[in-house]
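Single-letter residue listing:
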Amino acid sequence: MYGARWARTAELGTKALARRIVLDVEHKYGMTHAPLDPDRPFGIAAWVYRSRLGRECIDFEVYGMTDSLLRDPQWSGQLRADLGHLVAQYNWANRERPQDERFGGGAVYLCTEAEERARDGRSGHVRVYRRWLGWLGRRFRPYLPVACD
């Protein structure tokens, strides 16, 4: 099963694909949603890493939401689902073999105000995990040093 945007990005490697997704999601979201807070514009960054099984993975972190909005589970769940759907359009998957996909991960993390400040809220960045970081659990990844690309 191929996502709607798979064909136009078929030749891209994982890092280039992550950049393309970040730019497209940032543009699409910016065109269809009013700014949530003029002092804190919407932004998205990507994390590229290799899983223990050797699969290329991409996760995303999103900036620009206030903590009060993030505390609303319905609102934050809908935003995470909308952005996850956009990301899935670049992927492909084999229903018979779940491990057979273009990229794994695809998780969308909504950053709190403190997390945004700690990461400088740099939209458009694609960060690449060093090889040994791929062995660590997902919950530790956002807090570790990375080799920025």
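Residues numbered from 1 in each chain as written. Predicted model: local features only at pLDDT ≥ 70, side-chain atom pairs only at ≥ 80, totals over all residues. Heavy atoms only, no water.

**Q** Sorry, what's going on with helix H3 (residues 73-88) here?
**A** For the α-helix, the turn length of 3.6 residues means that residues three or four positions removed from each other point alike. End to end, H3 covers 22 Å across 16 residues, agreeing with the expected 22 Å (1.5 Å per residue, within 8%). All buried positions along H3 are accounted for by Ser76, Leu79, Leu83, Leu86 and Val87. Summarising the axial view, the buried residues of H3 lie within an arc of 100 degrees, below the 170-degree limit, and thus occupy one face. H3 presents Pro73, Gln74 and His85 as exposed residues on the side facing more than 90 degrees away from its buried surface. Two or three places before Gln74, at the start of H3, stands the capping residue Asp72, its side-chain oxygen 3.1 Å from that residue's backbone nitrogen. (Helix = DSSP H or I, 4+ residues; strand = E, 2+ residues; numbered from the N terminus. Expected span 1.5 Å × (residues − 1). Buried < 20%, exposed > 50% of the residue type's maximum accessible area, 1.4 Å probe, protein only. Arc of directions from axis to C-beta. Polar contact = N/O pair within 3.5 Å; in protein donor to acceptor, adjacent residues only side chain to side chain.)

**Q** Got a minute to help me understand the nonpolar core in this structure?
**A** Residues Ile21, Ile58, Phe60, Val62 and Leu83 are the most contacted members of the largest nonpolar core, which totals 24 residues. Those elements that place two or more of their residues in this core are helix H1 (14-32), strand E1 (43-50), strand E2 (56-63), H3 and strand E5 (104-110). If one sorts the elements of this core by residue count, H1 sits on top with six residues. Sequence-distant contacts of Leu83, defined by excluding residues within four places in its chain, comprise Val25, Tyr29, Phe42, Val62 and Val108. (Core = buried A, V, L, I, M, F, W, Y, C linked by side-chain atoms within 4.5 Å. Contact = heavy atoms within 4.5 Å.)

**Q** How should the pairing of E2 be read in this particular structure?
**A** Two faces belong to every sheet, and in a regular strand the side chains alternate between them. A large share of E2 lies buried, amounting to seven of its eight residues. Alignment of E1 against E2, held across eight bridges, turns out to be antiparallel. For Gly43, the partnering residue across the bridge sits in E2 and is Tyr63. Between E1 and E2, which pair antiparallel and follow one another directly, the connecting turn spans five residues, one of which, Gly54, has a positive phi of 90 degrees. Summarising the sheet, E2 and E5 pair through five bridges and their orientation is parallel. (Pairing = 2+ DSSP bridges.)

**Q** Teacher, can you tell me more about the pattern of salt bridges here?
**A** Close approach of charged atoms allows side chains with opposite charge to pair. For the structure shown, the criterion picks out three salt bridges. Across the salt bridge formed by Arg20 and Asp24, the nearest N and O atoms sit 3.3 Å from each other. You can see Arg20 and its partner Asp24 sitting in helix H1, four residues apart, about one turn around the helix. Owing to a relative accessible area of 29%, Arg20 belongs among the partly exposed residues under this scheme. Residue Glu56 is joined to Arg50 by a salt bridge in which the shortest nitrogen-to-oxygen separation is 2.6 Å. Three or more residues are tied together by salt bridges with common partners; here these are Arg8, Arg20 and Asp24. (Salt bridge = Lys/Arg side-chain N within 4 Å of Asp/Glu carboxyl O.)

**Q** Sorry if this is basic, but what is going on with the side chain of Asp24 here?
**A** Judged by relative accessible area, which is 12%, Asp24 ranks as buried. Not counting chain neighbours up to four residues away, the residues in contact with Asp24 comprise Arg5, Arg8 and Tyr90.

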